[in-house]
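Here is what each chain is made of, one letter per residue.
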Amino acid sequence: MHRSNPLAPAVLVLCLALSCLAWTPWGAIYGSARDERSVGDQAEDKKISLSIKGDLADKDSKLALKVHVYCFLKHVYLVGAIDDQPFRAFAVKTAKGTEGVKQVTSYFKPETDTTADDLELAAKVRAELIGNGDLSSTQIEQEVMNGEVVLLGMVRSQADAALAVKVAKGVKGVKKVTSFLVPPK
């Protein structure tokens, strides 16, 4: 049985405050310092993801919003709830054709009307990840689609990846957890 953490509301507020900090120069510096990648790798990954996002938006800006693009060490992850099969294929083809990309993984789900519930669940998962003292979760991103959580990002170790999955699975309302967490090589 999952017990509610009495600190969860405070952690949620802290998460929101920290996410606002990320949009400042200090947040960018902190994010770079906490990332397991070199600054050069981070810059290359950002360049790749922005290029792909731009190409998707040029094709169809509305559909592009349904495809979330992540890149870690030149491995691109396309994640989203989108029914349009031709646009899914276009996204994969675009990512594979982008300069510097070594590998592409897509994780697409059918569209649902659970956006509000998914946003709430994403906040709960984020709060639990940050609230876990044994986990360095500042570089873990998550997408939630119809109660299914997808974890993405760089982690310190395989143990951190396993712990993040365990923490996410423990959040009430989570139906499934898929991990694309990358430990150092």
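Parameters and conventions
Residues numbered from 1 in each chain as written. Predicted model: local features only at pLDDT ≥ 70, side-chain atom pairs only at ≥ 80, totals over all residues. Heavy atoms only, no water. Pairing = 2+ DSSP bridges. Helix = DSSP H or I, 4+ residues; strand = E, 2+ residues; numbered from the N terminus. Axes fitted to C-alpha atoms, helices over the stretch in contact; angles between N-to-C directions. Contact = heavy atoms within 4.5 Å. Buried < 20%, exposed > 50% of the residue type's maximum accessible area, 1.4 Å probe, protein only. Right-handed = clockwise from strand over helix to strand, strands pointing away.

J.: Looking at this structure, I do not really get the sheet that holds strand β1 (residues 68-72). What am I missing?
T.: Backbone-to-backbone hydrogen bonds join strands into a sheet, with any given pair of strands oriented parallel or antiparallel. With respect to topology, three strands assemble into an open sheet ordered β1-β2-β3, the strand pairing being mixed. Two strands lie at the open edges of the sheet, namely β1 and β3 (103-109), each paired on one side alone. The mean inter-strand angle of the sheet, taken between neighbouring strand axes irrespective of direction, is 15°. Pairing analysis gives seven bridges linking strand β2 (residues 75-81) to β3, with the strands arranged parallel. Within the sheet, the bridge partner assigned to Leu78 lies in β3 and is Ser106. Against the sheet, helix α3 (residues 39-59) engages β1 and β2, with an angle of about 160° to β1. Lying on the sheet, helix α5 (residues 85-96) is in contact with β2 and β3; it crosses β3 at an angle near 165°.

J.: Any chance you could explain the pairing of β2 here in plain terms?
T.: The two faces of the sheet receive side chains in turn, since in a regular strand these alternate between them. With respect to burial, β2 is a largely interior element, six of its seven residues being buried. Where β1 meets β2, five bridges bridge the pair, whose relative direction is antiparallel. The partner of Tyr70 across the bridge, within β2, is Tyr77. The hairpin turn running from β1 into β2, its antiparallel successor, is two residues long, and Leu73 in that turn takes a positive phi close to 55°. Note on the crossover from β2 through α5 to β3: the handedness is right-handed.

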